Amino acid sequence: MNKESLKRRIQVANKEILADLVIKNGNILDIFNLELMSGDIAIVDGVIAGIGTYEGKQEVDVQQRIIVPGLIDAHVHIESSMITPEEFAKVLLPHGVTTIITDPHEIANVAGEDGISFMIADSEDLDLNVYIMLPSSVPATPFENAGAVLHDQQLAPFYQHSRVLGLAEVMDYPGVKNLDDHIIDKLVTASRFNIDGHGAGLDTHGVNVYAAAGIKTDHECITIAEAKERLSRGMYLMIRQGSVAKNLPELIHIVNEKNSHRCLFCTDDKHLDDLIAEGSIDFNIRLAIQHGLDPLLAIQLATINTANCFGLSQKGAIAPGYDADFLIIDDLQSFQIQQVYTAGRLVAEQGVYLEKTRVIKDRTPLPHSVRIRDISAEDLAIAIPPEKKVHVIEIIPNQIETIKQVIEVPNDGQYFISSVTEDLLKVAVLERHNGTGNIGLGIVKGLGLIDGAIATTVAHDSHNLIVAGTNDEDMLVAIQTIKQLGGGLVVVRHGVVLASLQLAIGGLMSNKDYQEVAHELNILHEALQQVSKYDHFNLFLTLSFLSLPVIPELKITDMGLFDVATFKHIRI
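About the cut-offs
- Residues numbered from 1 in each chain as written.
- Predicted model: local features only at pLDDT ≥ 70, side-chain atom pairs only at ≥ 80, totals over all residues.
- Heavy atoms only, no water.
- Helix = DSSP H or I, 4+ residues; strand = E, 2+ residues; numbered from the N terminus.
- Rg over C-alpha atoms; globule rule 2.2 N^0.38 Å.
- Buried < 20%, exposed > 50% of the residue type's maximum accessible area, 1.4 Å probe, protein only.
- Contact = heavy atoms within 4.5 Å.
- Areas by Shrake-Rupley, 256 points an atom, 1.4 Å probe, with all protein chains shown as cover.
- Lys, Arg positive; Asp, Glu negative; His and termini not counted.
- Charge placed at Lys NZ, Arg CZ, Asp CG, Glu CD.
- Pairing = 2+ DSSP bridges.
- Domains from an automatic or database assignment.
- Buried area = accessible area lost by both parts, 1.4 Å probe.
- Salt bridge = Lys/Arg side-chain N within 4 Å of Asp/Glu carboxyl O.
- Polar contact = N/O pair within 3.5 Å; in protein donor to acceptor, adjacent residues only side chain to side chain.
- Nonpolar A, V, L, I, M, F, W, Y, C, P; charged D, E, K, R; others polar.
- UniProt positions renumbered as here; feature names shortened; annotations may be inferred.
- Patch = residues over 30% accessible without salt bridge, like charges linked within 9 Å, V, L, I, M, F, W, Y side chains within 5 Å.

Taking an unreviewed UniProt entry as the reference, the chain is identified by name as Adenine deaminase belonging to Heyndrickxia ginsengihumi.

Participant: Whenever I open this one, the overall build of the chain confuses me. Can you help?
Facilitator: The number of helices and strands found in the chain is 16 helices and 28 strands. What you see for the chain is a C-alpha radius of gyration of 24 Å, in line with the 25 Å of a compact globule of 572 residues. When the 572 residues of the chain are sorted by exposure, 62% land in the buried category. The contacts of the chain with a sequence gap of at least 6 include a subset with a gap of at least 24, amounting to 69%. Just so you have it, the chain exposes about 20800 Å², and 49% of that area is on carbon and sulfur atoms. Put simply, the chain has 44 plus and 75 minus side-chain charges, and the middle of one group is 3 Å from the middle of the other.

Participant: I would appreciate a short explanation of the pairing of strand S10 (residues 194–197) in the present structure.
Facilitator: Successive side chains on a regular strand alternate, one facing one side of the sheet and the next facing the other. The alternating pattern of S10 places Asn-194 and Asp-196 on one face and Ile-195 and Gly-197 on the opposite face, and all of these are buried. In terms of strand pairing, strand S9 (residues 164–170) meets S10 through 3 bridges, oriented parallel. Of the residues in S10, the one forming a bridge with Gly-166 is Asn-194. Two strands pair when backbone bridges link them, and S10 and strand S11 (residues 217–218) are joined in this way by 2 bridges, in the parallel orientation. Following the sheet pairing, Gly-197 is matched in S11 by Asp-218.

Participant: What's the story with the environment of Phe-416 in this structure? I'm lost.
Facilitator: Within the fold, Phe-416 resides in the loop between strand S19 (402–408) and strand S20 (424–430). The spatial distance from the C-alpha of Phe-416 to the C-alpha of Leu-165 is 48 Å, given a sequence separation of 251 residues. Discounting residues that sit within four places of it in the chain, Phe-416 has contacts with Ile-382, Ile-384, Val-409, Pro-410, Asn-411, Leu-424, Leu-425, Lys-426 and Ile-443.

Participant: When you look at the domain arrangement of the chain in this model, what are you seeing that I'm missing?
Facilitator: Interface size is commonly expressed as the accessible surface area that is lost when the partners come together. Assigned domains of the chain: these are domain 1 (3–36 + 43–56), domain 2 (73–314) and domain 3 (377–569). Relative placement of domain 2 and domain 3: their C-alpha centres are 26 Å apart. Counting residues at the interface gives 42 residues for domain 2 and 44 residues for domain 3. Between domain 2 and domain 3, roughly 3600 Å² of surface is buried when both sides are summed, and carbon and sulfur atoms account for 67% of that area. Broken down residue by residue, the surface that domain 2 buries against domain 3 is led by Met-82, Phe-143 and Val-244, which jointly contribute 21%. Our count for the contact surface shared by domain 2 and domain 3 stands at 0 salt bridges. At the boundary of domain 2 and domain 3, one finds 12 residue pairs in polar contact (both at pLDDT 80 or more). Elements that contribute at least two residues to the side of domain 2 that touches domain 3 include exactly helix H2 (85–92), helix H3 (105–122) and helix H10 (272–277). The element best represented in the side of domain 2 that touches domain 3 is H3, accounting for 7 residues. Here the residues of the side of domain 2 that touches domain 3 are counted per class, giving 19 nonpolar, 12 polar and 11 charged.

Participant: Sorry, what's going on with the UniProt feature "domain: Adenine deaminase C-terminal" (unreviewed entry) in the chain here?
Facilitator: Sequence positions flagged by UniProt for "domain: Adenine deaminase C-terminal" (unreviewed entry) are, in local numbering, residues 400–568. Helix makes up 23% of residues 400–568 and strand 31%, and the two end C-alpha atoms of the span are 19 Å apart.

Participant: How should I be thinking about a nonpolar patch on the surface in this particular structure?
Facilitator: Taken together, the side chains of Met-1, Leu-6 and Ile-10 present a nonpolar region at the surface, about 330 Å² in accessible area. Relative to the helices and strands, Ile-10 resides in helix H1 (residues 3–13).

Below, the structure is given as structure tokens:
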């Protein structure tokens, strides 16, 4: 803000000059007192100057509809939508999300500083306000191979950017607890900003350690007890509802008028098709209301709470001095959005983004990210130990946590044989960044494939190539197809590629528009129906989280099976 814009704002507030825009005859949500008030909203230079009775150069009569602040997603990985920030904005804005706090952790694990720079550049000059939290864990652990290593000296220059708010989800708990210099350096630098947590499975002692380190949020709670523990130790509770991790129905019952100001909504990871079909934070609000939360409290979680948490002093409210980001809705209970404004400009109406002219950007950045040696069926063989019992990763539907099992599995006396009947399948993670040839092998229960194989380069957090299948032949075809695509998702059956989605940007995002990507995703899901017996959870997202070695209990990396409880690799 400069001197002249401040003068104009004061003059509009004082009714000395006309506002640029006045929204008239609205029922305005006072997010501070959690009540509705009537009045006009006067806007100048994209900022609210006053609420009362005003005249403007342009006036819009909303006819007693309800006006609420623009929604804020407290923690989201854009890359999980498989589209660029520019395309992501087109999807979110019709759903009333006007601001996001994103962590480019995924692309940073593939392309390091270049990945962060791309996300910042592609999110410039959007109608969606995009703020960045710098990835804290690249790689996420020392027990897998990522495409980059980012220490504090690589991250520090990014803090100079006006849209960088702090350090994203710190998931290296052992590093914090054991005073690892690399993570301590990051925490010290970020202490002047914001620090997000990732406290999956932490006990009371662990929460104390995180809070003492200056980590102030957590989005990994799955029980009321965990949520209360975070809140009681001064942390903000992020209530997550994504495509795999669906924690809101459980956690929403902890929210009340006493603690609601410390609770936020986030999506974390949500696929494009789910965003289009369900929505984003607007879906969180509707779901919370369905589970009994007062609508005004639900909107508070989606707006001012997140703004306060991250120090966004001009976001999250409809009040003088706040940015003119707001929604027009018919009623609080259904929370159906009619219009969306950002910076005082109508950007979406009746579920349609009103696209503005943009400068054409480079749509082919970060190519050639899949570097895999040729492999054979012998490379995928899993030898069975003499005692015949092996470790198995058991899936929990719609959760990113897994169960560690030790059971007997089908075998030919020497090697594991996948069994569709017992839902025991082979899974492999291939290092794809540096051509090391590393292949981690494991057995997964509950994936639900009945034929063929699926593979993807979206494999949290290091995003190596992960493949699972009922037979080695289809797994090999899937691997080769991903290599030819330069990254993406593929479904194979009987040696034939049924469907694929190319992700040319770092093996994580498409360079196409979101409608085309959504169409290709639909074809991919139709192909999944031919090879899977389950439709109650997202198969590719579930597969992608099997390689996340910071979430309990048993996961797999390019270096083998990983026991999260002991934080070390174990034999099959």
